Amino acid sequence: MRQTWRWFGPRDLGSIDDVRQAGAEGIVSALHHVPTGAVWTPEEIACRKAEIGTMADGTASGLTWDVVESLPVSEDIKKQTGDWRAHIEAYRDSMRNLAAAGIEVICYNFMPVLDWTRTDLAWKQPSGATCMRFDLTDFVAFDLFILGRPGAAEAYDDALREAARARFAEMPEAARDALARNVVFGLPGAAERFTLEDVRAHLAEYADMSEATLRGHLVDFLSEIVPLAEELGLRFCCHPDDPPVPLLGLPRIMSTEAHYAEVLAAVDSPANGVTLCSGSLGARSDNDLPGMMERLGDKVHFLHLRNVTRETGATFGSFHEAEHLGGDTDMVALVEAALREEARRRAAGRADWSIPFRPDHGQDILDDLGRHAQPGYPAIGRLKGLAELRGIIAALGPRIG
């Protein structure tokens, strides 16, 4: 398993020197400053590769750009409106430029409007560490009383509506503002930042779209890019919905193993694969992560290893991001399944036998608490996670072969 580290570019508070000292072998990055729908030019790609390859003193870092995360899919493509065909052509140009630069793995997602959703970006743990959290009652309070989404009340039962009403009533104005900011924060490092009005406008555009329609749009998108990916030697891998349930009335189509199986069957190609994110998928109790790794393994091109603690017995409810070896996902079993998949690939002679993974997210601990890095991406918390995961691999790897 190839150890990688997400780096947001020169604006990241963690430096390439930090990544090198953490012991990672490769970098996961993207051109976050390039607007969605625009071409990633050879010059911009070469600049990012050079930044990754150079330490502060000008010496070579030895790090390579292993995975693109993400080459974003525009809302126009997801909705098949506006400039969506031009955006697909720009996407194909970016693919050609990335392949020419020697980058083979491209992660993307097909989540409408928001790339991920949390209600608290720094929830304090008994240890003093902080983590990201999704509180379902807070989220419903946001939906009903801050966003004011038409028809939102019909999406929740009486008990949840009343709990949200009581929670909102006790929130001071500053807490309401913070909740709104947290929910619409989106992806750290992205070029776009949404306001509440932006969210309302986007939601209106998806008002009549079903899951079947959105899934059809994903299959159409893949039908356009996968043949080129095969030609260029690229491997695409779709990140799951985060959280893996419908939110704000939006369709969600990559939340379960069945969702992935349907899309993989619709566009059956080695270039069409999975980003198995144990944190996103683990927020649902009916997602069996080690089992998914076993059953979807030959199409898993990238792993996000993190853990969550589900706070209720429901299939989906409130959850928070746990330590990598804590939480509700059996991380040892998941890594063991990944190592078995790698052994199968080696035996079959696959060149892509080594699956890149990164220690996804992490709790803010020690000096992280004062650095104010991108939510979910503390340096020391992720270093701790990488060390723990590295220990599992060191213990299991020789036995699996």
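Quick caveat: nothing in here was measured; it's all calculated off a predicted structure.

Looking at helix 6 (residues 158-170)
An ideal rise of 1.5 Å per residue puts 18 Å on 13 residues; helix 6 measures up with 19 Å between its terminal C-alpha atoms. Taken together, the buried positions of helix 6 are occupied by Leu160, Ala164 and Phe168. Relative to the axis of helix 6, the buried residues are bounded by an arc of 65° and lie together on one face. With respect to the buried face of helix 6, the exposed residues turned more than 90 degrees away are Asp158, Ala159, Ala169 and Glu170. As for helix 6, its buried residues are in contact with helix 5 (136-147) and helix 7 (173-183). Sitting at the amino-terminal end of helix 6 is aspartate 157, which places a side-chain oxygen 3.3 Å from the backbone nitrogen of alanine 159.

Here we look at the packing of helix 9 (residues 211-232) against helix 10 (residues 257-266)
Interhelical geometry of helix 9 versus helix 10 gives an angle of 40° and a closest axis separation of 10 Å. The angle between helix 9 and helix 10 places the two elements in the oblique class. With respect to the hand of their crossing, helix 9 and helix 10 are arranged in right-handed fashion. Together, Glu211, Arg215, Leu218, Val219 and Leu222 of helix 9 and His259, Glu262, Val263 and Ala266 of helix 10 make up the contact between the two elements. Classifying every residue of the contact of helix 9 with helix 10 by side-chain character gives five nonpolar, one polar and three charged.

The rules we used
Residues numbered from 1 in each chain as written. Predicted model: local features only at pLDDT ≥ 70, side-chain atom pairs only at ≥ 80, totals over all residues. Heavy atoms only, no water. Helix = DSSP H or I, 4+ residues; strand = E, 2+ residues; numbered from the N terminus. Expected span 1.5 Å × (residues − 1). Buried < 20%, exposed > 50% of the residue type's maximum accessible area, 1.4 Å probe, protein only. Arc of directions from axis to C-beta. Contact = heavy atoms within 4.5 Å. Polar contact = N/O pair within 3.5 Å; in protein donor to acceptor, adjacent residues only side chain to side chain. Axes fitted to C-alpha atoms, helices over the stretch in contact; angles between N-to-C directions. Parallel < 35°, antiparallel > 145°, perpendicular 65-115°, else oblique. Left-handed = near helix turned anticlockwise from the far one by under 90°. Nonpolar A, V, L, I, M, F, W, Y, C, P; charged D, E, K, R; others polar.

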